[in-house]
Amino acid sequence: MVKIIVVFIGLYVAQVWALEGVSQVTLKNGLNIIVKTDKRAPVFISQLWYKVGSSNEKRPLTGVSHMLEHMMFKGTSDYKTGDFSKIIARNGGRENAFTSKDYTAYYQTMHKSKLALALKMEADRMRHLQLSSDEFEKERKVVIEERRLRIEDNPNAKVAEHLNLISFAKKGAYYAPVIGFQEDIEGYKLSDLRTWYETYYAPNNATLVVVGDVDAEEVIALARQYFGAYKSSANIDNIDNPSITQTGQSHVLKLKAELPFSILSFPVPSLKTATDKHRAYALNMLAFVLDNGLSKTLVREQQIASSIGVGYGLYDKYDTLLTLSFIPAKGVSDEVVLSAIKTQVAELIKKPTVIEAELLRTKIQLEANFVFEQDHIGTQSYYLGMLATVGLGIETLFSYVDKMRVVSAEDIAQVAKQYLHFSAANSVVLIPQGD
């Protein structure tokens, strides 16, 4: 169990996860600060997470969070376009950013002596971004090209995007792709980005995560120095926008591609939305067990599929999907592969003991992966920031292995029976049309 100590310290309230060496502090303006000390190397990673992503967007502004991420490197009142990246590189660091469904985050990895520099520059662009029309038009072209490379010219990505379109209702979260629809990207106005920035880029909508060879008190003092004077925003639209999942939708896409590809989705709760949290962990284990088990039997043993993948959004903010995708082997039909998958799922539901050996292997693998991931400050900071941002709490990280360890074969069979209804699944089938 993780012990939580609440300490009142002047301008903030600190929650110290004593057993894990993690300090969590909230400044008066609402900025959440998480610090984890790891002195194995004289470096740190600093990440600033904002509670905004594609799940906050609606047409005609899909992808605006991602577009703003690009513009965040285009200069402030104190730094010219490109200076941020140049200064970080000149000081031996690396930096980047990413946008997802439920968050946007910016990070720097540097020598521990550069902590103040990283926090000062990140704080500067939280409030002082300069949005130039010329730079905006340049980045619009960059993002359109990025969409072309990632989705338009990638048949499997196109299929996955289409699956979301039929699995989620237009007015709910997760319908739109993170990068946005091209029509929307082409239609952005600079004022759209300015409004998005002024609405969501505020201390009470952000979490600062610092992991590495740092002192928690120094991090908090520097954060208070550089972020503390910023006012919280009263305009943040954090009203829940729950995903509205649909069932029984089936589409066929004929695209230029070399190989056929099929993907199915089953609406499921995430850890955040599940009333029974154990059920969410059982769904997560179901995805791992199916991914390993189906690959073993259908790809390596029966050789009727060339690849199989199973995924589940355990940490999504809203109700999500369990997805099952496959590429049939040459000369094998989709129906043959899907029938074999259904047979194995039915056998699992009827006789859970058939997966005992696979379940044990999966648990050992998950625990080993979790331990190895703790060697990377980037992975540690990612999970701390992501969990805090979606509202699960950082203690979720430290209990993950224990929660997964107690999932039984019967638990997995129960959630498979409850959620894997193939007759109601959404599906998209890619029929290749050649190069």
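Residues numbered from 1 in each chain as written. Predicted model: local features only at pLDDT ≥ 70, side-chain atom pairs only at ≥ 80, totals over all residues. Heavy atoms only, no water.

- An unreviewed UniProt entry annotates the chain as FIG015547: peptidase, M16 family of Bathymodiolus thermophilus thioautotrophic gill symbiont.

### So, the overall build of the chain
Link 1 in the chain: When its secondary structure is counted, the chain shows 14 helices and 13 strands.
Link 2 in the chain: Expected size for 435 residues packed as a compact globule is a radius of gyration near 22 Å; at 23 Å, the chain falls within 12% of this value.
Link 3 in the chain: For the chain, the spread of C-alpha atoms along the three principal axes comes to 60 × 50 × 40 Å.
Link 4 in the chain: Counting only residues that meet the buried cut, the chain has 53% of its 435 residues in that class.
Link 5 in the chain: Sequence-distant contacts, at least 24 apart, represent 78% of the contacts inside the chain between residues at least 6 apart.
Link 6 in the chain: As presented, the chain carries roughly 19,700 Å² of accessible surface, and 52% of it is formed by carbon and sulfur atoms.
Link 7 in the chain: Taken together, the 49 basic and 49 acidic charged side chains of the chain have centroids lying 2 Å from each other. (Helix = DSSP H or I, 4+ residues; strand = E, 2+ residues; numbered from the N terminus. Rg over C-alpha atoms; globule rule 2.2 N^0.38 Å. Buried < 20%, exposed > 50% of the residue type's maximum accessible area, 1.4 Å probe, protein only. Contact = heavy atoms within 4.5 Å. Areas by Shrake-Rupley, 256 points an atom, 1.4 Å probe, with all protein chains shown as cover. Lys, Arg positive; Asp, Glu negative; His and termini not counted. Charge placed at Lys NZ, Arg CZ, Asp CG, Glu CD.)

### What about the UniProt feature "domain: Peptidase M16 N-terminal" (unreviewed entry) in the chain?
Link 1 in the chain: With numbering aligned to this structure, UniProt lists the feature "domain: Peptidase M16 N-terminal" (unreviewed entry) at residues 38-169.
Link 2 in the chain: Helix and strand shares over residues 38-169 are 47% and 17% respectively, and the end C-alpha atoms of the span are 43 Å apart. (UniProt positions renumbered as here; feature names shortened; annotations may be inferred.)

### With respect to the side chain of Ser233
Link 1 in the chain: For Ser233, the position within the fold is in the loop between helix H8 (216-227) and strand S9 (250-255).
Link 2 in the chain: Sequence-distant contacts of Ser233, that is, excluding residues within four places in its chain, are made with Glu198, Thr199, Ala202 and Asn204.

### Things to note about the packing of aromatic side chains
Link 1 in the chain: Using the criterion set out here, one finds 22 aromatic pairs in the structure.
Link 2 in the chain: With a centroid separation of 5.6 Å and 55° between ring planes, the pair formed by Trp49 and Tyr382 is classed as tilted. You can see Trp49 sitting in strand S5 (residues 43-50) and its partner Tyr382 sitting in helix H12 (residues 377-390), a full 333 residues away along the chain.
Link 3 in the chain: Taking relative accessible area as the criterion, Trp49 reaches 0% and is therefore assigned buried.
Link 4 in the chain: In textbook terms, an aromatic cluster arises when at least three aromatic residues are bridged by ring pairs, as seen for Trp49, Phe98, Tyr103, Tyr107, Tyr315, Tyr382 and Tyr383.
Link 5 in the chain: Note that Lys101 overlies the ring of Tyr174, its terminal NZ or CZ placed 4.5 Å from the centroid.
Link 6 in the chain: A cation over an aromatic ring shows up here: Arg125 above the ring of Phe73, its NZ or CZ 4.7 Å from the ring centre. (Phe/Tyr/Trp six-rings, centres within 6.5 Å; stacked < 30°, edge-to-face > 60°. Lys NZ or Arg CZ within 6 Å of the ring centre and 35° of its normal.)

### A few points about the sheet that holds strand S11 (residues 305-312)
Link 1 in the chain: The five strands lie next to each other as S9-S13-S10-S12-S11, forming an open sheet whose pairing is mixed. Every interior strand has two partners, whereas the edge strands, S9 and S11, have only one. Each adjacent strand pair in this sheet contributes to an overall mean axis angle of 15°, direction not counted.
Link 2 in the chain: Docked against the sheet, helix H10 (residues 334-350) engages strand S10 (261-268), S11, strand S12 (320-328) and strand S13 (426-432), running at close to 130° with respect to S12. (Pairing = 2+ DSSP bridges. Axes fitted to C-alpha atoms, helices over the stretch in contact; angles between N-to-C directions.)

### A closer look at the environment of Val428
Link 1 in the chain: Within the secondary structure, Val428 sits in strand S13.
Link 2 in the chain: Sequence separation between Val428 and Ser233 is 195 residues, and the spatial gap between their C-alpha atoms is 42 Å.
Link 3 in the chain: Among all residues touching Val428, those that are not within four sequence positions of it are Val159, His162, Leu163, Ile166, His251, Leu253, Phe261, Ser262 and Ile263.

### Structural notes on the nonpolar core
Link 1 in the chain: Counting residues in each nonpolar core, the largest one holds 66 residues, and the members touching the most others are Leu286, Ile341, Tyr400, Ile412 and Leu420.
Link 2 in the chain: Tallying contributions element by element places helix H9 (residues 277-301) first for this core, with eleven residues.
Link 3 in the chain: Among the nonpolar cores identified, the runner-up in size contains 55 residues, and Val25, Leu115, Tyr201 and Val219 belong to it. (Core = buried A, V, L, I, M, F, W, Y, C linked by side-chain atoms within 4.5 Å.)

### Comments concerning the pairing of strand S7 (residues 104-111)
Link 1 in the chain: Where burial is concerned, most of S7 is hidden: six out of the eight residues are buried.
Link 2 in the chain: Sheet analysis places S5 next to S7, joined by eight bridges and oriented antiparallel. Looking across to S7, one finds that Leu48 is bridged to Tyr106.
Link 3 in the chain: As paired strands, strand S6 (residues 94-99) and S7 are joined by six bridges and run antiparallel to one another. Paired with Thr99 across the strands is Thr104, a residue of S7.
Link 4 in the chain: Between S6 and S7, which follow one another and run antiparallel, lie four residues.

### Focus on unusual backbone geometry
Link 1 in the chain: Here the bond from Arg59 into Pro60 is cis, since omega is 15°, no more than 30 degrees from zero.
Link 2 in the chain: Residue placement: Pro60 occurs in the loop between S5 and helix H1 (64-71).
Link 3 in the chain: Even without a glycine there, the phi angle at Gln303 is positive, about 55°.
Link 4 in the chain: Among the structural elements, Gln303 can be located in the loop between H9 and S11.

### Overview of the environment of Gly21
Link 1 in the chain: Among the structural elements, Gly21 can be located in the loop between strand S2 (12-17) and strand S3 (22-27).
Link 2 in the chain: For Gly21, a relative accessible area of 38% translates into the label partly exposed.
Link 3 in the chain: Setting aside residues no more than four positions away along its own chain, Gly21 makes contact with Val35, Lys36 and Thr37.

### What about the packing of H1 against helix H7 (residues 190-200)?
Link 1 in the chain: H7 packs onto H1 with a crossing angle of 90° between their chain directions and a minimal axis gap of 10 Å. Classified by the angle their axes make, H1 and H7 are roughly perpendicular. Listed contacts from H7 to Val64, Ser65, Met67, Leu68 and Met71 of H1 are Leu193, Trp196 and Tyr197.
Link 2 in the chain: Within the contact of H1 with H7, the residues separate by chemical class into seven nonpolar, one polar and no charged. (Parallel < 35°, antiparallel > 145°, perpendicular 65-115°, else oblique. Nonpolar A, V, L, I, M, F, W, Y, C, P; charged D, E, K, R; others polar.)

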